[in-house]
Amino acid sequence: QAQLVESGGGLVQAGGSLRLSCAASGGRDFSRSTVGWFRQAPGKEREFVAALNWITTSTYYGDPVKGRFTISRENAKSTVYLQMNSLKPEDTAVYYCARYVAGSYYSARSFGSWGQGTQVTVSS
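Report on the accompanying structure. The structure displayed is predicted, hence computed values, not measured ones.

With respect to the sheet that holds strand E8 (residues 79–84)
Next up, step 1: Taken in spatial order, the 4 strands line up as E1-E3-E8-E7 in an open sheet, and their pairing is antiparallel. The open sheet terminates on both sides in strands that have one partner only, identified here as strand E1 (3–7) and strand E7 (69–74). Pairs of neighbouring strands in the sheet enclose a mean axial angle of 20°, with direction left out of account.
Next up, step 2: Relative to E8, strand E3 (residues 18–25) runs antiparallel, the two sharing 6 bridges. By the bridge assignment, leucine 18 is partnered in E8 with methionine 84.

Here it is as structure tokens:
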């Protein structure tokens, strides 16, 4: 069964960096897909972080992470990365990747095939 698997989360001090990975498995790669990263902090709604169109390589970012986070891909590994720099305590959340279905890139309702998530904790 096709699924997405996130990894790379952890505990980091404010100002530090982490790189998250989202790998496709189960016989379905990311070709002809748009892949998105979202995050969800306790008590808050799932928030758009970034998206990448696999065909055009166009990228999209949420306002809170612009200039600090970078989404990229590695074709051979069918993996999407989220490089997170200059991390802040407010970046603390569970980060999910998902495959775009239809609608606005900025809405979690537009995505499916969610991974299990990876925890990112930024200490002050």
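A look at the side chain of asparagine 53
Next up, step 1: Looking at the secondary structure, you find asparagine 53 in strand E5 (residues 47–53).
Next up, step 2: Of the polar contacts made by the side chain of asparagine 53, one reaches the side chain of threonine 34; its length is 3.5 Å.
Next up, step 3: Once you skip the residues sitting within four places of it in the chain, asparagine 53 turns out to touch Ser33, Thr34, Ser58 and Tyr105.

Some words on the pairing of E1
Next up, step 1: Burial along E1 is one-sided: Leu4 and Glu6 are buried, while Gln3, Val5 and Ser7, pointing the other way, are not.
Next up, step 2: As paired strands, E1 and E3 are joined by 5 bridges and run antiparallel to one another. Note on E3: the bridge partner recorded for glutamine 3 is serine 25.

Re the packing of aromatic side chains
Next up, step 1: Under the definition given, this model contains 8 aromatic pairs.
Next up, step 2: Judged by centre distance (4.8 Å) and plane angle (90°), the rings of tyrosine 100 and tyrosine 105 are edge-to-face.
Next up, step 3: Judged by centre distance (5.5 Å) and plane angle (70°), the ring pair of tyrosine 100 and phenylalanine 111 falls under edge-to-face. Of the two residues, tyrosine 100 is situated in strand E9 (residues 93–100) and phenylalanine 111 in strand E10 (residues 111–112); the sequence distance between them amounts to 11 residues.
Next up, step 4: Owing to a relative accessible area of 25%, tyrosine 100 belongs among the partly exposed residues under this scheme.
Next up, step 5: Exposure remark for phenylalanine 111: the relative accessible area of 6% places this residue in the buried category.
Next up, step 6: Three or more aromatic residues link up through ring pairs in this structure, and these residues are Phe38, Phe48, Tyr60, Tyr96, Tyr100, Tyr105, Tyr106, Phe111 and Trp114.
Next up, step 7: Stacked on the ring of tyrosine 81, the Lys or Arg arginine 19 has its end atom at 4.1 Å from the ring centre.
Next up, step 8: Sitting over the ring of tyrosine 96, arginine 46 keeps its end group 3.8 Å from the ring centre.

Quick notes on the rules
Residues numbered from 1 in each chain as written. Predicted model: local features only at pLDDT ≥ 70, side-chain atom pairs only at ≥ 80, totals over all residues. Heavy atoms only, no water. Pairing = 2+ DSSP bridges. Helix = DSSP H or I, 4+ residues; strand = E, 2+ residues; numbered from the N terminus. Axes fitted to C-alpha atoms, helices over the stretch in contact; angles between N-to-C directions. Polar contact = N/O pair within 3.5 Å; in protein donor to acceptor, adjacent residues only side chain to side chain. Contact = heavy atoms within 4.5 Å. Buried < 20%, exposed > 50% of the residue type's maximum accessible area, 1.4 Å probe, protein only. Phe/Tyr/Trp six-rings, centres within 6.5 Å; stacked < 30°, edge-to-face > 60°. Lys NZ or Arg CZ within 6 Å of the ring centre and 35° of its normal.

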